[in-house]
Amino acid sequence: MLGSGIAYGIRKGDTALRERLNAAIAKVQADGTVKTLATKYLGNIDVSAK
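**Quick word on the overall build of the chain**
Within the chain one finds two helices and zero strands. Per-residue burial over the chain gives 4% buried out of 50 residues. Entry remark: accessible area of the chain is about 4,600 Å², with carbon and sulfur atoms responsible for 58%.

Written out as structure tokens, the structure is:
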């Protein structure tokens, strides 16, 4: 549905921000937030990372 993926931009070398964003993404994937929102807004479409 979204093609090969989505991305966000951060400043080159900003490893602290990158790590915080990656941790936040992992958290919402692990706690089911991504699946809940996907079901609510997209129906029964698999949005998991491949």
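Additional details are given in the paragraphs that follow.
**Quick notes on a nonpolar patch on the surface**
A grouping of Leu37, Tyr41, Leu42, Ile45 and Val47 is seen on the molecular surface, where their side chains present a nonpolar patch of about 440 Å² in accessible area. Accessibility expressed as a relative area gives 38% for isoleucine 45, which makes it partly exposed.

**Describing helix H1 (residues 15-30)**
For H1, spanning 16 residues, the distance from its first C-alpha to its last is 22 Å, which sits close to the expected 22 Å at 1.5 Å a residue. Backbone geometry just after H1 places glycine 32 at a positive phi near 90°.

Cut-off values and rules
Residues numbered from 1 in each chain as written. Predicted model: local features only at pLDDT ≥ 70, side-chain atom pairs only at ≥ 80, totals over all residues. Heavy atoms only, no water. Helix = DSSP H or I, 4+ residues; strand = E, 2+ residues; numbered from the N terminus. Buried < 20%, exposed > 50% of the residue type's maximum accessible area, 1.4 Å probe, protein only. Areas by Shrake-Rupley, 256 points an atom, 1.4 Å probe, with all protein chains shown as cover. Patch = residues over 30% accessible without salt bridge, like charges linked within 9 Å, V, L, I, M, F, W, Y side chains within 5 Å. Salt bridge = Lys/Arg side-chain N within 4 Å of Asp/Glu carboxyl O. Expected span 1.5 Å × (residues − 1).

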